[in-house]
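Understanding the architecture of this molecule
What follows is each chain in one-letter form.
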Amino acid sequence: LTIDAGVTLKFDGNRGITINGDLKAIGTSTEPITFTSNAAVPARGDWRNLYFNNVDNACNLSGCILEYGGSANGTIYTNNNTSLWLAIHFSEISNSGSYGIYNTNTSYASIGVVDIYDCDNYPVRTGAGSVGYMSAFSTFTGNTPNAIRVEQQTFGGVATWLDHGIPYVIWNDITINDATTLTLQ
């Protein structure tokens, strides 16, 4: 699925898009791609989410505005994406009825320069192995709570958890394999 710059998609209640393949949504600063509510008076959680399930091809959201989604599992919800196939960059997510991004502990996503604000739950809920893929240039404000929720996950290699100006909340046990270097800034 390719969505051109300047397109607006409006969703009726509890509707969304499930992506099992490719999604290329590349907007610009003057022509963003907008995912929003179809309600006359929009409210948090009016539509469900963009659901990335078992994605095995590169998906890219850039220059996008996602607002009033998140009636279930976050405005962006990823599940069973075992490779780094999803990139979310230069976008904003606001007024979610739940999480801004829910990246399950069976998924990986690159989150770079994303502003997430005014959500009814954590701006990001993610597995421990994915925290290192979050850019230092993202901002998180006005969310309830305003913290990054870290889920159970076993990981290895080299990772840095950056200082985003909000705390990390370790929700479940995490396992750091032998010969792993984890740096907390």
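The structure displayed is predicted, hence computed values, not measured ones.

1. A short note on the overall build of the chain
Counting its regular elements, the chain contains 0 helices and 20 strands. Here the chain has a C-alpha radius of gyration of 16 Å; the compact-globule value for 185 residues is 16 Å, and the two agree. For the C-alpha atoms alone, the extent of the chain along its principal axes is close to 50 × 35 × 30 Å. When the accessible area of the chain is evaluated, it comes to approximately 8200 Å², of which 47% is carbon and sulfur surface. Where the 7 positive side-chain charges of the chain centre and where its 15 negative ones centre are 8 Å apart.

2. Remarks on the sheet that holds strand β6 (residues 50-53)
Spatial ordering of the open sheet is given by β3-β6-β9-β11-β13-β15-β18, a layout of 7 strands whose pairing is parallel. Since the sheet does not close on itself, it has two edges, and those belong to β3 (17-19) and β18 (168-170), each with one partner. Sheet twist, expressed as the mean angle between neighbouring strand axes with direction ignored, is 15°. Looking at chain direction, strand β9 (residues 76-79) and strand β11 (residues 101-103) are connected through 3 bridges and run parallel.

3. Quick notes on the packing of aromatic side chains
Applying the stated criterion across every chain yields a total of 7 aromatic pairs. Ring geometry for Tyr77 and Tyr102: centres 5.2 Å apart, planes at 35°, overall tilted. With Tyr77 in strand β9 and Tyr102 in strand β11, the pair connects residues that are 25 residues apart, well separated along the chain. Note on accessibility: Tyr77 and Tyr102 belong to one class, buried. Between Tyr108 and Tyr133, the aromatic rings sit 6.2 Å apart at their centres with planes inclined by 90°, giving edge-to-face as the arrangement. Remark: Tyr133 occurs in the loop between β13 (124-127) and β14 (139-141) and Tyr108 occurs in the loop between β11 and β12 (109-117); sequence separation between them is 25 residues.

4. What to know about the pairing of strand β8 (residues 64-67)
Burial along β8 is one-sided: the residues Cys64 and Leu66 are buried and none of Ile65 and Glu67 is. Note that strand β5 (residues 33-37) and β8 share 3 bridges and pair parallel. Following the sheet pairing, Phe35 is matched in β8 by Leu66. Pairing of β8 with strand β10 (residues 86-94), which is carried by 3 bridges, proceeds in the parallel orientation.

5. So, the side chain of Asn95
Along the chain, Asn95 falls in the loop between β10 and β11. We classify Asn95 as buried; its relative accessible area is 16%. Of the polar contacts made by the side chain of Asn95, one reaches the side chain of Arg44; its length is 3.5 Å. When near neighbours in sequence (up to four residues on either side) are disregarded, Asn95 contacts Arg44, Gly45, Tyr68, Gly69, Tyr117, Asp118 and Cys119.

6. Structural notes on the pattern of salt bridges
With the rule as written, the count across this model stands at 3 salt bridges. In this structure, the salt-bridge partner of Arg149 is Glu151, at a minimum N-O distance of 2.6 Å. According to the relative accessible area criterion, Arg149 is buried, its value standing at 8%. Because the salt bridges share partners, they merge into one network encompassing Arg125, Arg149 and Glu151.

7. Side note on the pairing of strand β15 (residues 148-151)
Looking along a regular strand, one sees side chains alternate from face to face of the sheet. Every second residue of β15 is oriented toward a common face, with Ile148 and Val150 on one face and Arg149 and Glu151 on the other, all of them buried. The pairing of β13 with β15 spans 4 bridges and is parallel. For Gly127, the partnering residue across the bridge sits in β15 and is Glu151. As paired elements, β15 and β18 share 3 bridges and run parallel to each other. Looking across to β18, one finds that Val150 is bridged to Ile170.

About the thresholds
Residues numbered from 1 in each chain as written. Predicted model: local features only at pLDDT ≥ 70, side-chain atom pairs only at ≥ 80, totals over all residues. Heavy atoms only, no water. Helix = DSSP H or I, 4+ residues; strand = E, 2+ residues; numbered from the N terminus. Rg over C-alpha atoms; globule rule 2.2 N^0.38 Å. Areas by Shrake-Rupley, 256 points an atom, 1.4 Å probe, with all protein chains shown as cover. Lys, Arg positive; Asp, Glu negative; His and termini not counted. Charge placed at Lys NZ, Arg CZ, Asp CG, Glu CD. Pairing = 2+ DSSP bridges. Axes fitted to C-alpha atoms, helices over the stretch in contact; angles between N-to-C directions. Phe/Tyr/Trp six-rings, centres within 6.5 Å; stacked < 30°, edge-to-face > 60°. Buried < 20%, exposed > 50% of the residue type's maximum accessible area, 1.4 Å probe, protein only. Polar contact = N/O pair within 3.5 Å; in protein donor to acceptor, adjacent residues only side chain to side chain. Contact = heavy atoms within 4.5 Å. Salt bridge = Lys/Arg side-chain N within 4 Å of Asp/Glu carboxyl O.

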